[in-house]
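Tertiary structure, described
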Amino acid sequence: MDFSELKKAIKKSGLVAQETDFIKDNEEALNLGFMEMNATQKLIFSISTFKGKKYFSVRTWFQAESGEWAPTKKGINLAFDKFADFEKMVKAFAQAIALDK
């Protein structure tokens, strides 16, 4: 599926958890949601395309003094074909955290 079709399918299915008014989608990216870290930082979850390859990203964004939001270097950007490996590691985190109860 090409990226524009994927974006339409995602929006139609309701998978976009939170619309972001502070970061705009574009032809090459779709923000799926965010997590508040503090008053001036958010963790942004998005998908994108570059040279025909699809990626998923989890990146820290910060709010500058001007009020504009911008990405930091803190985060990951992985190809879709790496998601299964990433998911295994997230599940390992979940299991480790569950042991701490």
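Anything mentioned here points back to the structure above.
Rules of the game
- Residues numbered from 1 in each chain as written.
- Predicted model: local features only at pLDDT ≥ 70, side-chain atom pairs only at ≥ 80, totals over all residues.
- Heavy atoms only, no water.
- Helix = DSSP H or I, 4+ residues; strand = E, 2+ residues; numbered from the N terminus.
- Buried < 20%, exposed > 50% of the residue type's maximum accessible area, 1.4 Å probe, protein only.
- Lys, Arg positive; Asp, Glu negative; His and termini not counted.
- Salt bridge = Lys/Arg side-chain N within 4 Å of Asp/Glu carboxyl O.
- Polar contact = N/O pair within 3.5 Å; in protein donor to acceptor, adjacent residues only side chain to side chain.
- Contact = heavy atoms within 4.5 Å.

A look at the side chain of R59
Considering the arrangement of structural elements, one finds R59 in strand β3 (residues 53–63). At 14 Å, E28 is the nearest oppositely charged side chain to R59, a buried residue that forms no salt bridge. Engagement of the side chain of R59 in a polar contact is seen with the backbone oxygen of T72, the distance being 3.3 Å. For R59, the side chain forms a polar contact with the main-chain oxygen of K73, separated by 3.2 Å. Filtering out sequence-adjacent residues up to four positions away, R59 remains in contact with K42, L43, I44, P71, T72, K73, K74, G75, I76 and N77.

Some remarks on the environment of K54
Mapped onto the secondary structure, K54 falls in strand β3. Its relative accessible area of 24% is what places K54 among the partly exposed residues. For K54 and N31, which are 23 residues apart along the polypeptide, the C-alpha to C-alpha distance reads 13 Å. Not counting chain neighbours up to four residues away, the residues in contact with K54 comprise M1, D2, F3, L6, S48, T49, L78, A79 and F80. A polar contact of 2.5 Å, which involves the side chain of K54, links it to the backbone oxygen of M1.

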